[in-house]
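Below are the chains, spelled out letter by letter.
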Amino acid sequence: MPQHISYLIQPERSCNNEAYIAVLIPSHPKDGLKRTIIRKTWGHALIQDQWPHAKLGKHADIFFLLGRTSNQLEHQSVEQEAHTYADMIIGDFDDTYRNLSIKMLFGLNWIAKNCAETKFLVKIDQDTFVDFPQLMNLLLNNEYKLHNSVLGKLYYSPWVLTSGKWKNDPNEYPFSMFPTYAGGPCYILSTDIIAPIVNMSQYIPYMSLEDVYITGVLLKALGAPKYDLPQLHNFPEEETFCDFIADEKRLLSTTRLSTDQLSELWQTITRGTC
C-alpha cells in the first residue's frame, strides 16, 4: 500500500548516521503550532542531546508525518515549514482519521529506506510527552532481546469496541476480539521489523485503527514478539508534572496534553524543581 503513494514533500536528508532512534510524529497540516512547541521543547533537547538534568547517551532524529490538505493556505504554510526545518514527510493521501494506518505505514516505509542504521523507531503522538532519557536507558539495557519486536503499553486480546471514537468497522475486522497490541500514543518498533510490517500490509486487509492494525494484526501475522511497557500512561491519571522530576515516582510518559500543558510540563522539567 505505502509503496504506491507518492511523496509531496520529504526531507532532503536521511537520519543522522549516529542516531540510535528515529522518532516519528503523526501530525496534521493545520497543527503548525503543535509542531512548533515540540521543536522548541523536548524535540530540540532530544536532537541536540541537551536534555535538562539528564544524559541521553545516544543520538536521535525526529520527523513529522503528514498527508495532504485541500486548503491552499495550509498547503503553502506547510511547504514553507518543511523548507525551513527539513523534518517533514508528507504523502499524497487525504489527511483524515480514517487514513491513520495509511499515514503510519507511509512513514514507516520512509524510515525503512532512510533510517536503516537506527536501532529503534519511536512512534509518538504530538499530544504525548515521553521522558526520553528514561526510555533511551531502557532500550540500551534491553537491546539484545528487542530484535524484530514492538515495545509498548500492551492491551491483551481486548474486546472489539462497537461504539465511540475507537469503534471497529466489522467490514475491516469481523472478529469479536483484537489481537494483543501496543497502545497508539507511544510505541517502539525495532528497526529490523519495519520493512516486514510494510510488506505484510500488502497481504492483510486494511484497518483504520492504526495501533491495532500495525502492532496487533500485522505483527501477529509476522509472529513478532511484543513486550509490555506499563510505565507508558495512555490515559490521564492522578499525576502532576512534578512526577516527571521526582526520583521516587518518576513518570515515563503522559498524553492528551494541550500545547499550554506541554509548555508548562517542559518548564517544570527545565527548572528541575516544583
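The rules behind the values
- Residues numbered from 1 in each chain as written.
- Predicted model: local features only at pLDDT ≥ 70, side-chain atom pairs only at ≥ 80, totals over all residues.
- Heavy atoms only, no water.
- Core = buried A, V, L, I, M, F, W, Y, C linked by side-chain atoms within 4.5 Å.
- Buried < 20%, exposed > 50% of the residue type's maximum accessible area, 1.4 Å probe, protein only.
- Contact = heavy atoms within 4.5 Å.
- 1 Å grid on protein atoms, 1.4 Å probe; cavity = no way out; pocket = protein on both sides within 12 Å on 5 of 7 lines; lining within 4 Å.
- Points joined across faces, edges and corners; volume = space filled by probe spheres on them.
- Helix = DSSP H or I, 4+ residues; strand = E, 2+ residues; numbered from the N terminus.
- Nonpolar A, V, L, I, M, F, W, Y, C, P; charged D, E, K, R; others polar.
- Pairing = 2+ DSSP bridges.
- Axes fitted to C-alpha atoms, helices over the stretch in contact; angles between N-to-C directions.
- pLDDT = per-residue confidence, 0-100.
- Salt bridge = Lys/Arg side-chain N within 4 Å of Asp/Glu carboxyl O.
- Disulfide = S-S within 2.5 Å.

**So, the nonpolar core**
Here's step 1: With 44 residues, the main nonpolar core has I21, V23, W42, W51, F129 and F132 as its most contacted residues.
Here's step 2: Residues within four places of I21 in sequence aside, it is in contact with H59, A60, D61, T118, F120, V122, F132, M136 and L139.
Here's step 3: Counting residues in each nonpolar core, the second largest holds 41 residues, with F63, V150, Y173 and A224 among its members.

**Considerations on the layout of surface pockets**
Here's step 1: If you add up the space inside the largest pocket, you get close to 1,100 Å³.
Here's step 2: Residue lining of the largest pocket: 37 residues in total, with Y97, L100, D125, K165 and W166 positioned closest to the centre.
Here's step 3: Mapped onto the lining of the largest pocket, the elements with two or more residues apiece are helix 4 (100-114), strand 8 (181-190) and helix 7 (210-222).
Here's step 4: Here the residues of the lining of the largest pocket sort into 16 nonpolar, nine polar and 12 charged.
Here's step 5: In this model, the second largest pocket occupies a volume close to 180 Å³.
Here's step 6: Considering only residue class, the lining of the second largest pocket consists of 11 nonpolar, no polar and two charged.

**What about the sheet that holds strand 5 (residues 120-124)?**
Through backbone hydrogen bonds, the strands of a sheet pair up, either in parallel or in antiparallel fashion.
Here's step 1: The strand order across the open sheet formed by eight strands is 1-4-3-2-5-8-7-9, and the pairing between neighbours is mixed. Here the strands that pair on one side only, and so sit at the sheet edges, are strand 1 (7-9) and strand 9 (226-228). Sheet twist, expressed as the average angle between the axes of neighbouring strands with direction ignored, equals 30°.
Here's step 2: In this structure, strand 7 (residues 150-155) lies alongside strand 8, joined through five bridges in antiparallel fashion. Following the sheet pairing, V150 is matched in strand 8 by L189.

**Concerning the confidence of the model for the protein chain**
Here's step 1: Confidence in the prediction for the protein chain averages 92 pLDDT; 96% of positions are at 70 or higher.
Here's step 2: For the protein chain, strand 10 (residues 253-254) is the element with the lowest average pLDDT, namely 91, and strand 5 is the one with the highest, namely 98.

**Brief notes about the pattern of salt bridges**
Here's step 1: A complete count under the given rule lists 11 salt bridges for this structure.
Here's step 2: With its nearest N and O atoms 2.9 Å apart, the salt bridge here joins D95 to K103.
Here's step 3: On the basis of relative accessibility, which here comes to 4%, the residue K103 falls in the buried class.
Here's step 4: The shortest N-O distance in the salt bridge between K119 and E143 comes to 3.9 Å. One end of the pair, K119, is in the loop between helix 4 and strand 5; the other, E143, is in the loop between helix 5 (132-142) and strand 7, with 24 residues separating them in the sequence.

**Focus: the state of the cysteines**
Here's step 1: With the rule as written, the count across this model stands at one disulfide.
Here's step 2: Two residues share a disulfide in this structure: C15 and C115, whose sulfurs sit 2.1 Å from each other. Its S-S torsion of about 80° marks the bond between C15 and C115 as right-handed, since a negative value means left-handed. Here the residue C15 occupies a position in the loop between strand 1 and strand 2 (19-26), and C115 occupies one in the loop between helix 4 and strand 5, the gap between them amounting to 100 residues.
Here's step 3: What makes C15 buried here is its relative accessible area of 9%.

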